[in-house]
Each structure stands twice: as C-alpha cells, then as structure tokens.
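Structural features, examined
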Amino acid sequence: MEHVTRIVIIGGGPGGYEAALVAAQLGAQVTVVEQDGPGGACVLTDCVPSKTLIATSVRKQALLDASSLGVHYSGGADGDVGGVTADMPLVNKRVRELAQAQSGDVAARLAAEGVEVIRATGRLVDPQVVRAGDRTIRADVVIVATGAHPRVLPGAEPDGERILSWRQLYDLQELPEHLIVVGSGVTGAEFAGAYQSLGSEVTLVSSRDRMMPNEDADAAEVLEEVYRRRGMNVMGRSRAASVKRTDKGVVVTLEDGRTAEGTHCLMTVGMVPNTSGIGLEDNGVRLDRGGFIEVDKVSRTSAPGVYAAGDCTGVLMLASVAAMQGRIAVWHALGEAVQPMRLATVASTIFTDPEIAAVGVSQRQIEAGEIEANVVKLPLATNARAKMQGFNDGFVKLFCRPNTGIVLGGVVVAPRASELILAVSLAVQHRLTVDQFAHTFAVYPSLSGSITEAARRLMSPQTAGI
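These remarks concern the structure in this document. Everything numeric in this text was worked out from a predicted model, so none of it was measured. (Residues numbered from 1 in each chain as written. Predicted model: local features only at pLDDT ≥ 70, side-chain atom pairs only at ≥ 80, totals over all residues. Heavy atoms only, no water.)

**Some remarks on the sheet that holds strand β11 (residues 201-205)**
With parallel pairing, the five strands of this open sheet are ordered in space as β9-β16-β10-β11-β12. Whereas interior strands pair on both sides, the edge strands pair on one side only; in this sheet they are β9 (163-164) and β12 (233-235). As paired strands, strand β10 (residues 178-182) and β11 are joined by five bridges and run parallel to one another. Counted as the bridge partner of valine 182 is valine 205 from β11. Along the sheet, helix α5 (residues 186-198) makes contact with β10, β11 and β16 (264-267), crossing β11 at roughly 165°. (Pairing = 2+ DSSP bridges. Helix = DSSP H or I, 4+ residues; strand = E, 2+ residues; numbered from the N terminus. Contact = heavy atoms within 4.5 Å. Axes fitted to C-alpha atoms, helices over the stretch in contact; angles between N-to-C directions.)

Okay, here's the thing in structure tokens:
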C-alpha cells in the first residue's frame, strides 16, 4: 500500500491554511491545529478587520471631499458636511461579522479539501510529533505557522479600555474623541489615517524624523502632507516613554519630558513572534535573537522535516508572503518542483488614503549606489482620470536598468494603488522592459495610464533619470 504523507500544520493563518490546501490537493493527509479559528489572527483580528475599518474610513473621507466636485451635504456650498458621521457600534459590528464570515469561508474551503482542523494550541513534542490539546499526532512533515502578536511597551500595557492594541479597537462602543497613536510605521499610519477620517482628533507619535521611515521617502512625504492638511498632529522625533490613564483619558510621556494628552491611546510598536513555549528550540528549531524562526529559501528550519511560514519567521510580515512560504514548504516537502521565493518580486501595500504600493528595488538602494537604475516620477495630478475624480495627491515612480531597460521596480501612491501595482509586479517578475511596457495599451483615461507613460519617459535618453 502506497504511503500517504501526513502533514501537521501548527497555525491556521495564511501561511497555514494555504499550505494545507496545496498539501491536500497533492494527496497528503493534512491536519491544521489552530487555537483561534480558521484564518488565524490575520483574518480574525488583524488584516481583514483593519482593512474593513479602513474601507469605511475611505468611503467617509470621499464624502468629506465631495464638495470639491460640486456635491454638498446639509450645508450648501460652504462645504458643511456635518451630517456625515460614523456609527461606530455599527461599523465595528460589521468589521467583526465580516471577519467571522471570512473565517467561515476558509473553514469551508479546508473542509471541502478534506483537511482536518483541530481547535487547540499546538506544541512540538518531537520533530515528527505534535501535541494538539489532548491529542498526540505523528507526522511526516510539520509546518509551524504560529504568527505573531502586538509588542507591548513596558510602561504602556494595554488595558482594553483607554490604552489599546489594534486587536482591541473593535470593542469600542464610541469613536475616540482624541486618539494618540504611538508608532508611525505601517500599522500606526494606517490606523491614524482611518480614525482621522472617521472623525477622531488624532495625534501620531513618531520616534523618527518622518512617518514610515522604512518606506519610500517621497511616498511618506506625500502621506504626511495629506495627514497634516486633514488636521492630524504628527509629532516627529518623539519616542514614547510611558502611557498612563487619567481621570478623563490618557497621557503619553515622551523621553524628552514632553507630554501628549488624549482620550485613548493606540500602541503600534511592532510584532513579537508566537514561538515561545511551544517546544521549538527543545526540538532543534533554531530561533534568532528576536525569537523568529530561522528558515532557508524553501521554508526549511534547522530541524529535519520541520518547516515554518508566515510572521513567525519574520520574513516580510505580509499575508501574501506567508501564503507563498507555506506553499513552497509543501511543494518542497512533497518533492514537487519549486523555486525559492524571490523577495525582490514581492509587492506590498500600505492601506492608507491614498494607498502606497511598491515592488522591486527601492529608491534608497539606488541612492546608496547598491543598484544602478534610471528613475521617472510622474505626479498623479497630471493624470486626466485623477483630475476628473479630484485626486491631487500621489505619484507613479518607475525604475529600470540603464542599458537594457528591464523594469526593476516601482512605487505607486494613489487611490487603489494596491490594484495598480500588479502591472509593475508582472513586469518585475517576468523581466519586462520599459519598451514592452510602453507598447502595452492602457485605457484612456485611467490611473494606470500613468504607469505606461512613465515607461515611455524611460525609453527616452533625454528624460531618463528625471
């Protein structure tokens, strides 16, 4: 009788459930051990809920901006839009229900493929044995996809009422009157913008010179300008030392002695991998200094037969990357043809308003002399469709090799940049040239037309390097 490979996956987020689906389709016997529910934290508390909330905030901001297109609410031509409000209990109810519905869809898909799901905490007992609740399961292959949780700053521990992690926001029954967001990375920037648009007064505390210091500097500058114009107080070079509750709200004390007072504080100061206390190091799985699982380019850990995927590895903490790591782990474990993941082809999006999407090489790498490239940057304000829709903030930036014209990457700052970046991703993945890009039809008028226009600019030696 032919042996059927038994795969046990600890964690049911994108890294886990996508691995499970591929494994089941390839004929393996698959068990997923997940303590929170199908979809994991990504679906239930993190990515899906936050992007649902942001979608609501973007819709409200569009109403607030509609007066510039000649549409007015309850106040005539002076732009009074006092009738546009956010019903937070209803908003948060929808967020939670949508997350549960998405989790249900994941559960249904896993069931349809014959994947067993155990609602329990998984622990590695041996490289080939997993403990799930009161069950012990022997496996040929184990995939660890346990994710990560919000980092807690000593002196600013969340209480779920006034001092909050982003996983606690959806329990609020009213819109924070004045929300102080500590941390100006991607998560902080997303929530700060969302609550500003929903109607909160927002103060964003950034420990660096600017918002999102690890992202494209031009993109971060545009977003910070938009936020300030909408009334946000962005405090640069302001590292938080502590957060304390007061009679009326919270007070954030900075390391230089200054303070910021508000009604609520949201802590967005990074992620900690869920790798402690589950038997990893005891069974030869090596962790780095931050507690992340060390993996190679095909998702193998240092323990034979044990793979890892997703945020617990610290490799570009994105759902799309987690899913691909999980798939690669299965393909490799089952002897299928597999290519190591090329991080240079990973597209990412910051779901602010406007969105920021990027793929491939960065402006920082080019300016540091690590990569030679020609650059074109086109303001969105010159695009006909953007003018029609009243989009004034943003740009399209494209990078290519000087001699061959091969597209190396790009940045898009625009509404729905998450959709627009796919064209650049395809070019990077398949090593298309700007000539091939430029000879591709784009709809007129469209925002995507700025991408092909940037490619045409890069074809010309006179404009290369603008």
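From this point, things continue past the structure.
**What to know about the packing of helix α1 (residues 14-25) against helix α4 (residues 88-112)**
One way to put it is that α1 packs onto α4 with a least axis distance of 10 Å and a crossing angle of 20°. In this view, α1 runs roughly parallel relative to α4, as classed from their interaxial angle. As for the relative orientation of α1 and α4, their crossing is left-handed in sense. Residue-level inspection shows Tyr17, Ala20, Leu21 and Gln25 of α1 in contact with α4, the latter providing Val106, Arg109 and Leu110. In terms of residue class, the contact of α1 with α4 is made up of five nonpolar, one polar and one charged. (Parallel < 35°, antiparallel > 145°, perpendicular 65-115°, else oblique. Left-handed = near helix turned anticlockwise from the far one by under 90°. Nonpolar A, V, L, I, M, F, W, Y, C, P; charged D, E, K, R; others polar.)

**A few points about the pattern of salt bridges**
Taken as a whole and assessed by the stated rule, the structure comprises 21 salt bridges. Between arginine 167 and aspartate 46 there is a salt bridge, with its nearest N and O atoms 2.8 Å apart. Of this pair, arginine 167 sits in the loop between β9 and β10 while aspartate 46 sits in the loop between α2 (40-44) and α3 (47-65), placing them 121 residues apart in sequence. With a relative accessible area of 14%, aspartate 46 lands in the buried category. Between arginine 135 and glutamate 116 there is a salt bridge, with the nearest N and O atoms lying 2.6 Å from each other. Separated by 19 residues along the polypeptide, arginine 135 in strand β6 (residues 135-138) and glutamate 116 in strand β3 (residues 116-118) bring together distant segments of the chain. Among the residues examined, arginine 135 registers a relative accessible area of 34% and is labelled partly exposed. (Salt bridge = Lys/Arg side-chain N within 4 Å of Asp/Glu carboxyl O. Buried < 20%, exposed > 50% of the residue type's maximum accessible area, 1.4 Å probe, protein only.)

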